[in-house]
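# Geometric and topological summary
This is what each chain is made of:
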Amino acid sequence: MLTAIDPATGKVVREVTPDSDADVEAKLAAARKAYESWHETSFAERTKLLKAVAADMRARVDELAPLMTEEMGKPIKEARAEVEKSAWCAEHYADFAEAYLAPITLGSDATKSYVQHLPLGTVLGILPWNAPFWLAFRFCAPALMAGNTCLMKHDPHVPGCSAAIADVFRKVGAPEGVFDSLLLETPAVEKVIRDKRVQAVSFTGSTRGGAAVASIAASEIKPAVLELGGSDPSIVLADADLDKAADILKISRIINAGQSCIAAKRIIVEAPVYDDMVEKLKERLAALKVGDPAKEETDVGPIARKDLLDELARQVKSTIDQGATCVLGGEPVQGDGYFYPVTLLTDVKPGMCAFAEETFGPVAVVIRADDEEHALQMANDTEYGLAASVWSTAERGEALAKRIEAGQVAVNGIVKTDPRLPSGGIKRSGYGRELGPTASMPSSTPSRSGSGP
């Protein structure tokens, strides 16, 4: 049974029977059949579908957004923004996919040589709960515009969101099988990955889950893109604009109650401005309102599940026991739901739990660095390499960004995913890229062509 629990109350809000073997077979068959005609459609026809999907989501934002608030606790104002961003993603690829996928002419001894990008077939997206709509469209919009069909296996804790996304495509008249949702418990997905009708896999989630998916896909010689966890560093140097840094890092750390892979998880501050930065962060974090995610005034909603709340509490307690100072928060909120207060930990050092592990919650961790080189060494002292930020002068920040081991680095700005820019990690944060004109999302394959000697 796929069970959605409202994390603000701890009560079950939805129970959905998983797809049967016959259901899965029907969806796989429909996706393969649809591909036979969909990959022959023009970019104009694909654009028409994606534009219609975007328009429907924009028109129904107040209907779709509350599903996220209900099933995983996203504050309603953030949920609306996510629906809008998902619509933008669909529109972006509708507008630019043809240019992104245009053949590239290369010089050779042939009369004509070029690289063209051709669709693969049916692409499977395996997605997490923390951004149910955005991650779905990050996966499907470029894949569909490239001429593939898409099957989405969403997290079992957000079945309402999963069904709603598939329903958007049905409402606008998408051909049967072009996009559909597989309502499955996690163990059942291996059989789908191995099915010969699935040609590629996009996975977003934990490092452990990504390793399992990568192993299965590799054993079937199927391409995969993995976007996994992160313990993202933000380096604040002494010449930074501290007020701007504090404003942006506050947002980066607490958006979606801190449950974001690319959130600012380790704030590494150069010693001369360390105390000032701590005070600025404390002031901003203390002003945030934790509470009912359905209310407009709420800044920080609940943690999505009880097990995740317990794990976050363990990490914070362990870090304090290891010698960190708890300036704000530090204990789960008593009462209904899975709430954790906005927490600020200072005097964190390498080896401590919150330094070494990814913290998925509204916990800001501040680390003192002796100088720039010390900050860089600590930033790279992690098994992860998803994203990072640097706060300094633009010139100094860009120079330092090249030395940070991460797939994406922002200088004096927030780290975010954007359909115009490639996104993905290195090390144990995954491999491959989604989004942007140069993404390696397995939705198309370069094919070399040539004629004449």
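Figured I'd write up the structure that's included with this text.

Conventions used here
Residues numbered from 1 in each chain as written. Predicted model: local features only at pLDDT ≥ 70, side-chain atom pairs only at ≥ 80, totals over all residues. Heavy atoms only, no water. Pairing = 2+ DSSP bridges. Helix = DSSP H or I, 4+ residues; strand = E, 2+ residues; numbered from the N terminus. Contact = heavy atoms within 4.5 Å. Axes fitted to C-alpha atoms, helices over the stretch in contact; angles between N-to-C directions. Phe/Tyr/Trp six-rings, centres within 6.5 Å; stacked < 30°, edge-to-face > 60°. Buried < 20%, exposed > 50% of the residue type's maximum accessible area, 1.4 Å probe, protein only. Lys NZ or Arg CZ within 6 Å of the ring centre and 35° of its normal.

### Some thoughts on the sheet that holds strand β9 (residues 224-227)
- Spatially, the 6 strands line up as an open sheet ordered β7-β6-β5-β8-β9-β17, and their pairing is mixed. For this open sheet the edge positions go to β7 (179-182) and β17 (430-431), each flanked by a neighbour on one side alone.
- As defined by bridge partners, strand β6 (residues 149-153) adjoins β7 across 4 bridges and the pair is classed as parallel. Within β7, the position partnered with Met152 by the bridge is Ser181.
- The sheet contacts of helix α1 (residues 21-38) involve β5 (122-126), β6, β7 and β8 (198-204), and relative to β6 the element is tilted by about 155°.

### Thoughts on the sheet that holds strand β10 (residues 233-236)
- Ordered in space as β12-β13-β14-β11-β10-β15-β16, the 7 strands form an open sheet in which the pairing is mixed. Of all strands in the sheet, those with a lone pairing partner are β12 (325-328) and β16 (408-411), marking the two edges. Strand-to-strand twist of the sheet, defined as the mean angle between neighbouring strand axes without regard to direction, takes the value 20°.
- The pairing of β12 with strand β13 (residues 343-346) spans 3 bridges and is classified as antiparallel. Note on β13: the bridge partner recorded for Leu328 is Leu344.
- Here helix α9 (residues 242-254) sits on the sheet and contacts β10, β11 (266-270), β14 (363-369) and β15 (387-391); the angle it forms with β15, its principal contact strand, is near 165°.
- Along the sheet, helix α11 (residues 306-321) contacts β12, β13 and β14; its crossing angle with β13, the most-contacted strand, is approximately 30°.

### A closer look at the packing of aromatic side chains
- This model, assessed by the stated rule, comprises 5 aromatic pairs.
- On the numbers, 4.3 Å between centres and 15° between planes, the contact of Phe169 with Phe179 is stacked. Of this pair, Phe169 sits in helix α6 (residues 159-171) while Phe179 is found in strand β7, placing the two residues 10 residues apart along the sequence. For the pair Phe169 and Phe179, one class covers both residues: buried.
- Through a chain of ring-to-ring contacts, the aromatic side chains of Tyr93, Phe96 and Tyr100 assemble into a single cluster.
- Note that Arg46 overlies the ring of Phe43, its terminal NZ or CZ placed 5.0 Å from the centroid.
- Cation over ring: Arg266 sits above Phe355, and NZ or CZ is 4.7 Å from the ring centre.

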